[in-house]
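Here is what each chain is made of, one letter per residue.
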Amino acid sequence: MSSSAPLLDIQNLQTHFGTIDGVVRAVEGVSFSINAGETVAVVGESGCGKSVTAMSILRLIATPPGKIAGKILFKGTNLLELSEPEMQAIRGNDISMIFQEPMTSLNPVLTVGRQIGETVMLHEGLSAKDAEQRAIEMLTLVGIPAPARRVREYPHQLSGGMRQRVMIAMALACSPQLLVADEPTTALDVTIQAQILELMRDLKTRVGAAIMLITHDLGVVAEMAQRVVVMYAGRKVEEGSVEEIFLNPLHPYTRGLMGSMPKLGSSLHETGRSKLTEIQGQVPSLRKPIIGCAFAGRCPNVTDVCRQMAPAIEEKAPKHLVACHYAPRAAAAA
Amino acid sequence: MFAYTVRRVIATIPVMGIVALFVFSLLYIAPGDPAAIIAGDQATPEDVERIRASLGLDRPFIVRFLEWLFRVLQGDLGVSIFTNLPVSHMIKQRLEPTFSLMLLTLTFALSCAIPMGVVAAWKHGTWIDRFVMLFAVLGFSVPVFVVGYVLAYTFALQLDWFPVQGYTPLSNGIGGWVSNLTLPAVALGSAFIALIARITRATMLEVLNQDYVRTAKAKGVGQRAILFVHALKNAAVPIITIVGIGFAGLIGGAVVTESVFAIPGVGRLVVDAILRRDYPVIQGVVLMFSFTYVIVNLIVDLLYTVFDPRIRY
């Protein structure tokens, strides 16, 4: 495998769920890649399919009712073709995941040490004693005081921030190459959020893992990511470097997201442009196929073309992909 | 923890006191006059009166209750009206078969019901799940004696795999003990299995939807460990609660089962005593069963802390 091949390459991912009222197309033809050591943010509002994309990568979607199609190449191997035992060997070892809810994502009846140690016992064949030692090391690494005592404690004895640190310790225990973080800071206090982000950035450089960061917080994106994938209604609508996305958003939805983010120094009472803008309208139902552009119903610049024809995703500026009929093409683009 | 245990043991005293009062009142509530029965059909009213006085039945309720309670506390459950043997002695003779039956039933029921419930929850909606639920409905709705007779007919009379009835003490070898108790334990256990399997399935269904189960899967934990370690330990509290409550049904069922399979246990003793209106024996057995039930539920309460670290006393 050449060194330039991406660590993770998602091609035309489709995750559908069969329900009583029909098929819900949670993810519809999403493609993007993540290089080794890179942090890619996946942003979008609730229900846009970002978490489902993450869960599809680790095949955590129950099938049925779920159905995953497309290709998920991890170091050249299509994860969707692996057997369940082969997948188990990858989960928590090569690819691990941090979840949104630290309060409910840890098992309440097993000690913290047991939960961290289990990963290394499974993947590295460590004895229970060595696993506990590793757990203590990991707790030290994520900055939990008195790790030798904490390792014997249960999740309910820890605060939310501490629990998320434990989740991170658990995810990093086997030094994964890819860390999928599904809104890791959403459930935390703002001060704790900053600490957790700082910790993730610090550990990323130490472990050398690539991060797929799922969030709806653009502040987090700016702080953590190198590249951004914007998702809307199960589709990728824009992709580019952080600078490109923030300074030159081309898709009307991305512009809307930027406009709905409060900026430091602006006041809600000021008149004119510094007011928070909202994106009008509703996300389309994912139960029926969407004809035309998924964003057409809410787009300020919508035309008849948008309503009838889905825009292809095109490179409108170097390494800046957009799915919009009217996104201006930069002169330098191929 | 120790302080809690002591507190809980002390708290059983008033419970047992109320049970004792109720058990003693049986004499007054139940129809039939033991003095008249003992005196026989030919007795004059004077004879009946004399026997009543000799039994102490003519004195006030509260006096007799306190006297009785005082004797019970010293381990004296009185003397059987019919055999003239001490009740405590009669119960002691019959304890082994009954406790053997319960122990075997409990072991058998738990080792069947829990895997059944877990698998049904894991495969919910499939034919495995439906089969388990069908069994649960059947096991619960078919009475113990019907199951007992069907089992005895099929596996003892027709196939000759097990003895039809009777009991072999444990001191005569474990083989005979198990062989004699297998059919009774299966018969008595069927309703218990149904109850526990149902609760296990319902609780596991809830637990398997929890975020931490997804976390375990994301770590690469195998399906079996997810079910029996990560999920089952979280489902343990409702399951052991229902085991404790269901124990009452087990006691009632044991009485019937002992009659069906002619096991010389406490259940048979109490059935015979009821037919003869042998009140001291009835009182002794009911008191013993109540005490067992209270103890079992005390153990259940203490087990909560073993399975769920969030519960602390």
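Note that the coordinates shown come from a computational prediction; the quantities given were computed from them, not determined experimentally.

Q: In this structure, what is going on with the pairing of strand β1 (residues 8-19) of chain A? I would like to understand it.
A: Note on strand geometry: in a regular strand, side chains alternate between the two faces of the sheet. All names here are of chain A. Where β1 and strand β2 (residues 22-34) come together, ten bridges link them in antiparallel fashion. Of the residues in β2, the one forming a bridge with Asp 9 is Ser 33. In sequence, β1 turns back onto β2 through a hairpin of two residues.

Q: Explain the side chain of A:Asn78 here, please?
A: All names here are of chain A. As for its position among the elements, Asn 78 is in strand β5 (residues 77-78). According to the relative accessible area criterion, Asn 78 is buried, its value standing at 9%. In terms of polar contacts, Asn 78 uses its side chain to reach the backbone amide nitrogen of Ile 72, at 3.1 Å. Dropping the residues within four chain positions of it, Asn 78 is found in contact with Gly 70, Lys 71, Ile 72 and Leu 73.

Q: Explain the packing of helix α5 (residues 87-122) of chain B against helix α12 (residues 279-307) of chain B here, please?
A: Angle between the axes and distance between the axes are the two parameters that describe a pair of packed helices. Residues and elements named next belong to chain B. Running from amino to carboxyl end, α5 crosses α12 at an angle of 45 degrees, the nearest separation of the two axes being 11 Å. Relative to α12, the element α5 is oriented oblique. By crossing handedness, the relation of α5 to α12 is classed as right-handed. From α5, Val 87, Met 90, Ile 91, Leu 95, Thr 98, Phe 99 and Met 102 reach across to α12, where they touch Pro 280, Val 281, Gly 284, Val 285, Met 288, Phe 289 and Thr 292. Its residues assigned to classes, the contact of α5 with α12 comprises eleven nonpolar, three polar and no charged.

Q: Help me understand the interface of chain B and chain A in this model?
A: The figure often quoted for interface size is the accessible area lost as the parts come together. Taken together, the contact pairs 19 residues of chain B with 28 residues of chain A. Between chain B and chain A, roughly 2,100 Å² of surface is buried when both sides are summed, and carbon and sulfur atoms account for 59% of that area. Across the chain B-chain A interface, the total number found is one salt bridge. The closest approach of N and O atoms between B:Lys219 and A:Glu118, which form a salt bridge, is 3.0 Å. Taken together, the connections running from chain B to chain A amount to eleven residue pairs in polar contact (both at pLDDT 80 or more).

Q: I tried to follow a nonpolar patch on the surface on my own but got confused; where do I start?
A: All names here are of chain B. Where nonpolar side chains cluster on the molecular surface, the patch consists of Phe 145, Val 146, Tyr 149, Val 150 and Val 256 and spans about 430 Å² of accessible area. Residue contributions to the nonpolar patch peak at four residues, all from helix α7 (residues 144-158). Summarising the element assignment, Val 256 is placed in helix α10 (residues 223-260). Looking at Val 256, the relative accessible area reads 33%, which means it is partly exposed.

Q: So what exactly am I meant to see when it comes to the pattern of salt bridges here?
A: Once the charged atoms of two side chains with opposite charge are near each other, the side chains can pair. Residues and elements named next belong to chain A. Scanning the model with the defined rule gives 23 salt bridges over all chains in all. We note a salt bridge from Asp 202 to Arg 206, for which the minimum N-O separation is 3.4 Å. With Asp 202 and Arg 206 both in helix α7 (residues 190-207), this residue pair falls four residues apart, about one helical turn. Using a relative accessible area of 32% as the deciding quantity, one classes Asp 202 as partly exposed. Judged by its relative accessible area of 56%, Arg 206 is exposed.

Q: It is not clear to me how the pairing of strand β7 (residues 178-182) of chain A should be interpreted in this structure. Could you clarify?
A: Residues and elements named next belong to chain A. For β7, the tally of buried residues reaches five of five residues, placing the bulk of the element in the interior. Side chains Leu 178, Val 180 and Asp 182 project from β7 onto one buried face, and the interleaved Leu 179 and Ala 181 project onto a second face that is buried too. With four bridges connecting them, strand β6 (residues 95-98) and β7 associate as parallel partners. Bridge pairing in β7 places Ile 95 opposite Leu 178. Looking at chain direction, β7 and strand β8 (residues 210-215) are connected through five bridges and run parallel. Residue pairing for β8: Ala 181 is matched across the bridge by Leu 213. Handedness of the crossover joining β7 and β8 through α7: right-handed.

Q: Just to check I follow, could you spell out the packing of aromatic side chains for this structure?
A: How two aromatic rings sit relative to each other is set out by the distance from centre to centre and by the angle between their planes. All names here are of chain B. Across all of its chains, the model carries nine aromatic pairs over all chains by this definition. A centroid spacing of 5.5 Å and a plane angle of 55 degrees characterise the contact between Phe 24 and Phe 65, whose relative ring orientation is tilted. Of this pair, Phe 24 sits in helix α1 (residues 2-29) while Phe 65 sits in helix α4 (residues 61-73), and the two are 41 residues apart along the sequence. Using a relative accessible area of 3% as the deciding quantity, one classes Phe 24 as buried.

Q: Whenever I open this one, the state of the cysteines confuses me. Can you help?
A: Simply put, disulfide is the name for a covalent bond between the sulfur atoms of two cysteines. All names here are of chain A. By the definition in use, this model includes zero disulfides over all chains. In this model Cys 293 remains outside any disulfide bridge; the closest cysteine sulfur is found in Cys 306, 6.0 Å from its own. Counting only cysteine sulfurs, Cys 299 is the nearest neighbor of Cys 324, a cysteine outside any disulfide, at a range of 6.1 Å.

Parameters and conventions
Residues numbered from 1 in each chain as written. Chains lettered and ligands numbered in written order. Predicted model: local features only at pLDDT ≥ 70, side-chain atom pairs only at ≥ 80, totals over all residues. Heavy atoms only, no water. Pairing = 2+ DSSP bridges. Helix = DSSP H or I, 4+ residues; strand = E, 2+ residues; numbered from the N terminus. Buried < 20%, exposed > 50% of the residue type's maximum accessible area, 1.4 Å probe, protein only. Polar contact = N/O pair within 3.5 Å; in protein donor to acceptor, adjacent residues only side chain to side chain. Contact = heavy atoms within 4.5 Å. Axes fitted to C-alpha atoms, helices over the stretch in contact; angles between N-to-C directions. Parallel < 35°, antiparallel > 145°, perpendicular 65-115°, else oblique. Left-handed = near helix turned anticlockwise from the far one by under 90°. Nonpolar A, V, L, I, M, F, W, Y, C, P; charged D, E, K, R; others polar. Buried area = accessible area lost by both parts, 1.4 Å probe. Salt bridge = Lys/Arg side-chain N within 4 Å of Asp/Glu carboxyl O. Patch = residues over 30% accessible without salt bridge, like charges linked within 9 Å, V, L, I, M, F, W, Y side chains within 5 Å. Areas by Shrake-Rupley, 256 points an atom, 1.4 Å probe, with all protein chains shown as cover. Right-handed = clockwise from strand over helix to strand, strands pointing away. Phe/Tyr/Trp six-rings, centres within 6.5 Å; stacked < 30°, edge-to-face > 60°. Disulfide = S-S within 2.5 Å.

Limitation: the analysis is restricted to geometry and does not speak to function.
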